[in-house]
Amino acid sequence: MAVSSSSFLSTASLTNSKSNISFASSVSPSIRSVVFRSSIPPSSHRRVMTVRSKIREIFMPALSSTMTEGKIVSWIKTEGEKLAKGESVVVVESDKADMDVETFYDGYLAAIVVGEGETAPVGAAIGLLAETEAEIEEAKTKAASKSSSSSSAAEAVATSPPPVTSSPAPAIAQPTPVTAVADGPRKTVATPYAKKLAKQHKVDIGSIAGTGPFGRVTATDVETAAGIAPSKSSVAPPPPPPPAAVNGKATTATNLPPLLPDSSIVPFTAMQSAVSKNMIESLSVPTFRVGYPVNTDALDALYEKVKPKGVTMTALLAKAAGMALAQHPVVNASCKDGKSFSYNANINVAVAVAINGGLITPVLQDADKLDLYLLSQKWKELVGKARSKQLQPHEYNSGTFTLSNLGMFGVDRFDAILPPGQGAIMAVGGSKPTVVADKDGFFSVKNRMVVNVTADHRIVYGADLAAFLQTFAKIIENPDSLTL
Amino acid sequence: MQSAMTLSFSQTSSFTRPNHVLGSTASVFSTPKNLRFCGLRREAFGFSPSNQLSFRSNQIRTQSSGLQVSASASSNGNGNGAPPKSFDYDLIIIGAGVGGHGAALHAVEKGLKTAIIEGDVVGGTCVNRGCVPSKALLAVSGRMRELQNEHHMKSFGLQVSAAGYDRQGVADHANNLATKIRNNLTNSMKALGVDILTGFGSVLGPQKVKYGKDNIITAKNIIIATGSVPFVPKGIEVDGKTVITSDHALKLESVPDWIAIVGSGYIGLEFSDVYTALGSEVTFIEALDQLMPGFDPEISKLAQRVLINPRKIDYHTGVFASKITPAKDGKPVLIELTDAKTKEPKDTLEVDAALIATGRAPFTNGLGLENVNVVTQRGFIPVDERMRVIDGNGTLVPNLYCIGDANGKLMLAHAASAQGISVVEQVSGRDHVLNHLSIPAACFTHPEISMVGLTEPQAKEKGEKEGFKVSVAKTSFKANTKALAENEGEGIAKMIYRPDNGEILGVHIFGLHAADLIHEASNAIALGTRIQDIKLAVHAHPTLSEVLDELFKAAKVEGHASTGQEMQR
């Protein structure tokens, strides 16, 4: 697999068939090991709470930055069962993987609000935790009112705005009053698929004017609304409103040329939707591009030498980029709010990898610090995990800079789209023999590749990028420092 | 029909003695059918099962119709010491569905002079309005689903451009299949010498039947096999266009954009599979709190994750469709939902069509049951475990039996057939009680669901009552090579068993070809095979059957393998 990639980057979305992964996990103990546990220490995410609260809500945790809703794969504990701090309570399926969610508190699982196989938006209460046995009943009553109020999917989305949390750990907070929902007859008639899409895109179905038969809201209506309406609160960095009519799917029906005969419409999978969303988001960032030719003869020679030791070209490039970034921290920064630079403490190089039917960006953390061999080892491990869909969230969404290489396909140069939340992305073309004239006017044939960096011009200016590229080229052309 | 044939053959096989093949000409006159079967069965042993079946039945047709007369005449004459009352037939079957057909075939095999009365079309619900045409639609939906799943195709390295379908072509396929099977059924009975009498049949009195306008015939024994019709709860107006039952749906006269399916049992599930594959969106309406209430809870949960949640389906559980008005005057179909517990109105749905799949009601009206003092219970004819009809006073009605959906014991085509064969065994002098727990059932969704015996909660309840431990073994299709080769690793098999003696209590499968896989388990239950014995049996590799192999091996039985003798039993 190595470093196949594409410019359609998303830090998101790996899972192509949700049910696949989760299915196994609930089935056979041997496959259960797929389920991984969040490694982030729970204490850092514990919320301050008062002693008064006795019944706590167990929230649907955000297991990835793109996760907007999660499905309960299975409840490991049953209602009424005693829980000890740190025990796994429930297995949740996100858009990427299944994860065990553990409790931070001792107590009893008083009530399950969202049953197995059901879906809840991030931040919604999925269960109730009682401190003592006596409170179980009370919690159950509470749960009953909750589950009845969330009987309609659309309502559930509307009533519980998810708190922004990127913690993969469970969120158990103080009891909050359950917002009562009027469960009155709804005027809006929406088809099953429209409801599903609305939930997926976090669109309030009640606000959509239906254009289907009898004025019902159809899937197309929801898609239209999702593409045009300003996108609602999401766990991802708040995206600015994407311009209308960019997303082909999102354009209004009237703008679309009529379908040619025998053509077909294939709706996006969850992963493709996430890519699409990220791509639309990227349009709000003012980017510019700088290209730079780099001689690779020395790099190629080095590669031949270290290849037997398990070093991959990806590791070499990531290491070179990491070292260059260390000298130009602004290229490794990002602009989160449009008002400031966010300098990242670590240099984490995300590398785009095409996996079976999808795209993911495993992250080589501390690419500047790790030595080449460790980096290669790490890369192998990440690729293996990506293939088996076992990447943990921090292994694919912690990148500060992205590397995308299409050289192996014979591409000589290309242009990558900057993923939201990062300052720059490097697109690496293939290395090929090129006639080069040196400063004395002598012609020679040298292997040369063109790298093209796309950066956020709010923080990275032309000179910054040029200087960075110059450093990068120097490292590649004198690659001995890579092995140090 | 296939199952009927199989069952009748397996019965026969218990009579098999190899030397009969050679001596067949000598003994032909006493029990001609048996010997033909025995001989052919042995000879055909190496053939594939399907070939074998058709091959055998052809042989019967061509060779033995001539023998029929002498055989039935002799058995009539002997009369078993009964009063020399003369009867038109040994056995009359009212209703030529799969149950009646299975009984008729077996009766002929037993040398009984048999007539079958059909007031509608041969084949009954299964062949004309049920299992058979629905399999044709599901065959289409399975392929559509596969072709539309670009990711699935890509993972095979296949490229398919826009899969589409022609509704009429699909409908024709279903109709042609029904016609073909119906003709096969009719021909097989005709060839065997079963008299097919046309007209509505009813019981006139003991051993007396009327059919058509005023034809009266007598028989030593009568089997009622009148089957069932779709059950439509009150408040629902079926117009056959926008509010339909399975009878209409199987004709596939339209594919609505949005269809509500009332009832999430196997009929509703199968139709949801068909409709969503053809592009409809589906809303389930289920009166119970859970979808797929008839299935093992774990299986239904997993099935829901695969068959419902990722598809364009939503559902309302715990509600009745208390009123359904067909689309008219430019209005859509209106469905009023009532809470199943509080009986209060809950919601109103507007959809393009509604399919009523709330189960089936016995078809027993006008059968003349009052003439033999039989009172139906919710339409079902009460019977004992030998399918003997029980009258209003709780006593058995002599010479009257009822099989299939009409008795409501287990409303499955192959169960009816098995019951019919059981009855024929009894009337031909061999006591037989059918073990209903060994009858498998299947739901032909993609992937399929199949089951036999008890569900886990049922088994646990029984274990508690009778004081034995119940264990559960599970295997995943993900671990099966063949399933992975097909890119269909989704599914599980689950076995509920007694760890103390290795008895199989139930097996539930959800996955690729589950309906075909269940029979190893159902046969084991029927024959009383224990896990410790069957786990030693060999399965070809790589096949899906290894899922069951794994399942048997995963069980932890305390007892040891039985002795060789028991194994042969």
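These numbers were taken from a predicted model, which means no experiment stands behind them.

Caption draft 1: Structural context of the overall build of chain A. Along the backbone of chain A there are 11 helices and 19 strands. Expressed as a percentage of the 484 residues in chain A, the buried residues total 53%. In chain A, of all internal contacts separated by at least 6 residues, the share reaching a separation of at least 24 is 69%. For chain A, the accessible area works out to roughly 20,800 Å², and carbon and sulfur atoms hold 58% of it.

Caption draft 2: Summary view of the UniProt feature "domain: Peripheral subunit-binding (PSBD)" (unreviewed entry) in chain A. UniProt feature "domain: Peripheral subunit-binding (PSBD)" (unreviewed entry): in the numbering of this structure it lies at residues 189-226 of chain A. Strand forms 0% of residues 189-226 of chain A and helix 47%; the C-alpha atoms that close the span are 18 Å apart.

Caption draft 3: Seen up close, the side chain of K319(A). Examined against the element boundaries, K319(A) turns out to sit in helix α8 (residues 313-327). This buried residue, K319(A), is left without a salt bridge; D368(A) holds the nearest opposite charge, at 6.9 Å.

Caption draft 4: Spotlight on the interface of chain A and chain B. Counting residues at the interface gives 29 residues for chain A and 32 residues for chain B. Across the chain A-chain B interface, the total number found is three salt bridges. Here K301(B) makes a salt bridge to E116(A), at a shortest N to O gap of 2.5 Å. Between the two partners, chain A and chain B, sit nine residue pairs in polar contact (both at pLDDT 80 or more). Per-element tally for the side of chain A that touches chain B: the top contributor is helix α1 (residues 18-27) of chain A, with seven residues. Tallied by class, residues from the side of chain A that touches chain B come to 12 nonpolar, 10 polar and seven charged.

Caption draft 5: Layout of the sheet that holds strand β13 (residues 333-339) of chain B. All names here are of chain B. Ordered in space as β12-β13-β14, the three strands form an open sheet in which the pairing is antiparallel. Strand pairing shows two members of the sheet lacking a second neighbour, β12 (319-325) and β14 (345-351), which therefore form its edges. Between one strand and the next, the sheet's axes are offset by a mean angle of 25°, whatever the strand orientation.

Caption draft 6: Looking closely at the confidence of the model for chain B. Residues and elements named next belong to chain B. Scored by pLDDT, chain B has a mean of 84; 83% of the residues are at 70 or more. Considering only residues more than four positions removed or in separate chains, one finds that residues 564-569, a stretch of pLDDT under 50, has four contacts. Among the scores for the predicted complex, ipTM is 0.72 and pTM is 0.56.

Caption draft 7: Seen up close, the environment of A249(B). Structurally, the position occupied by A249(B) is in helix α10 (residues 246-249). Not counting residues within four places of it along the chain, the set of residues in contact with A249(B) comprises L137(B), I244(B), F271(B), Y275(B) and L355(B).

Caption draft 8: A look at the nonpolar core. Counting 57 residues, the largest nonpolar core has M426(A), F468(A) and F472(A) as its most contacted members. The dominant element in this core, judged by the number of residues it contributes, is α8(A), at 10 residues. Dropping the residues within four chain positions of it, F472(A) is found in contact with L317(A), A320(A), A321(A), A324(A), M426(A), M449(A) and V451(A). Judged by nonpolar contacts, the second largest core, of 51 residues, contains I92(B), I94(B), V132(B) and L197(B).

Caption draft 9: Representation of the pattern of salt bridges in the model. Overall, the coordinates contain 34 salt bridges over all chains when judged by the stated rule. The salt bridge partner of K195(A) is D314(B), with a shortest N-O separation of 2.8 Å. Here K195(A), found in helix α4 (residues 192-201), pairs with D314(B), found in strand β11 (residues 313-317), and the two come from separate chains. The class of K195(A) is partly exposed, set by a relative accessible area of 25%. Relative accessible area serves as the criterion here: at 11%, D314(B) is assigned to the buried category. A single network of salt bridges, built from pairs that share partners, joins D296(B), E298(B), E456(B), K460(B), K474(B) and K494(B).

Caption draft 10: How the structure looks around the sheet that holds strand β10 (residues 281-286) of chain B. Residue and element names in this part refer to chain B. The five strands lie next to each other as β8-β15-β9-β10-β11, forming an open sheet whose pairing is parallel. In the strand order of this sheet, the two ends are held by β8 (243-245) and β11, each with one partner. Between one strand axis and the next, the sheet turns by 20° as a mean value, whatever way the strands run. Along the sheet face, helix α11 (residues 266-277) touches β8, β9 (258-262), β10, β11 and β15 (353-356) and points at about 165° away from the line of β10.

Caption draft 11: View of the packing of α8(A) against helix α9 (residues 372-387) of chain A. Residue and element names in this part refer to chain A. Orientation of α8 relative to α9, taken along the N-to-C sense of each, is 125°, at an axis distance of 9 Å. On the basis of their axis angle, the class for α8 and α9 is oblique. Here the hand of the crossing between α8 and α9 comes out right-handed. On α9, the residues that touch T314, A315, L316 and K319 of α8 are L372, L375, S376 and W379. Across the contact of α8 with α9, the residue classes break down as five nonpolar, two polar and one charged.

Caption draft 12: Region of the structure containing helix α9 (residues 167-192) of chain B. Compared with the 38 Å implied by 1.5 Å per residue over 26 residues, the 38 Å span of α9(B) between its first and last C-alpha is a close match. Where α9(B) is concerned, the buried positions are V170(B), A171(B), A174(B), A178(B), I181(B), L185(B), T186(B), S188(B), M189(B), A191(B) and L192(B).

Caption draft 13: Spatial organisation of the packing of α8(A) against helix α11 (residues 462-477) of chain A. All names here are of chain A. Two elements in contact, α8 and α11, have axes separated by 9 Å at closest approach and are oriented at 135°. Between α8 and α11, the crossing angle belongs to the class labelled oblique. Two packed elements cross with a definite hand, and for α8 against α11 that hand is right-handed. Where α8 approaches α11, its residues L317, A320, A321, M323, A324, L325 and Q327 are matched on the opposing element by F468, T471, F472, I475 and I476. Class assignment for the residues of the contact of α8 with α11 results in 10 nonpolar, two polar and no charged.

Caption draft 14: Expanded view of the environment of N478(A). Residue and element names in this part refer to chain A. Within the element layout of this structure, N478 appears in the segment after α11. In this structure N478 comes out as exposed when scored by relative accessible area, which is 52%. Between the C-alpha atom of N478 and that of L299, which follows or precedes it by 179 residues, the distance is 7.6 Å.

Caption draft 15: Up close: unusual backbone geometry. Omega for the bond connecting H446(B) with P447(B) falls within 30 degrees of zero, at 0°, which places this linkage in the cis form. Its place among the elements puts P447(B) in the loop between β19 (441-443) and β20 (448-453). Here the residue pair H541(B) and P542(B) is connected by a cis peptide bond, since its omega of -5° sits within 30 degrees of zero. Within the secondary structure layout, P542(B) lies in the loop between α17 (531-534) and α18 (546-554). A positive phi angle, near 60°, is found at F214(A), a position not held by glycine. The residue F214(A) is located in the loop between α4 and α5 (219-228) in this model. Phi at H513(B) takes a positive value of approximately 55°, unusual for a residue other than glycine. With respect to the secondary-structure elements, H513(B) resides in the loop between β23 (504-511) and α16 (514-527).

About the thresholds
- Residues numbered from 1 in each chain as written.
- Chains lettered and ligands numbered in written order.
- Predicted model: local features only at pLDDT ≥ 70, side-chain atom pairs only at ≥ 80, totals over all residues.
- Heavy atoms only, no water.
- Helix = DSSP H or I, 4+ residues; strand = E, 2+ residues; numbered from the N terminus.
- Buried < 20%, exposed > 50% of the residue type's maximum accessible area, 1.4 Å probe, protein only.
- Contact = heavy atoms within 4.5 Å.
- Areas by Shrake-Rupley, 256 points an atom, 1.4 Å probe, with all protein chains shown as cover.
- UniProt positions renumbered as here; feature names shortened; annotations may be inferred.
- Lys, Arg positive; Asp, Glu negative; His and termini not counted.
- Salt bridge = Lys/Arg side-chain N within 4 Å of Asp/Glu carboxyl O.
- Polar contact = N/O pair within 3.5 Å; in protein donor to acceptor, adjacent residues only side chain to side chain.
- Nonpolar A, V, L, I, M, F, W, Y, C, P; charged D, E, K, R; others polar.
- Pairing = 2+ DSSP bridges.
- Axes fitted to C-alpha atoms, helices over the stretch in contact; angles between N-to-C directions.
- pLDDT = per-residue confidence, 0-100.
- Core = buried A, V, L, I, M, F, W, Y, C linked by side-chain atoms within 4.5 Å.
- Parallel < 35°, antiparallel > 145°, perpendicular 65-115°, else oblique.
- Left-handed = near helix turned anticlockwise from the far one by under 90°.
- Expected span 1.5 Å × (residues − 1).

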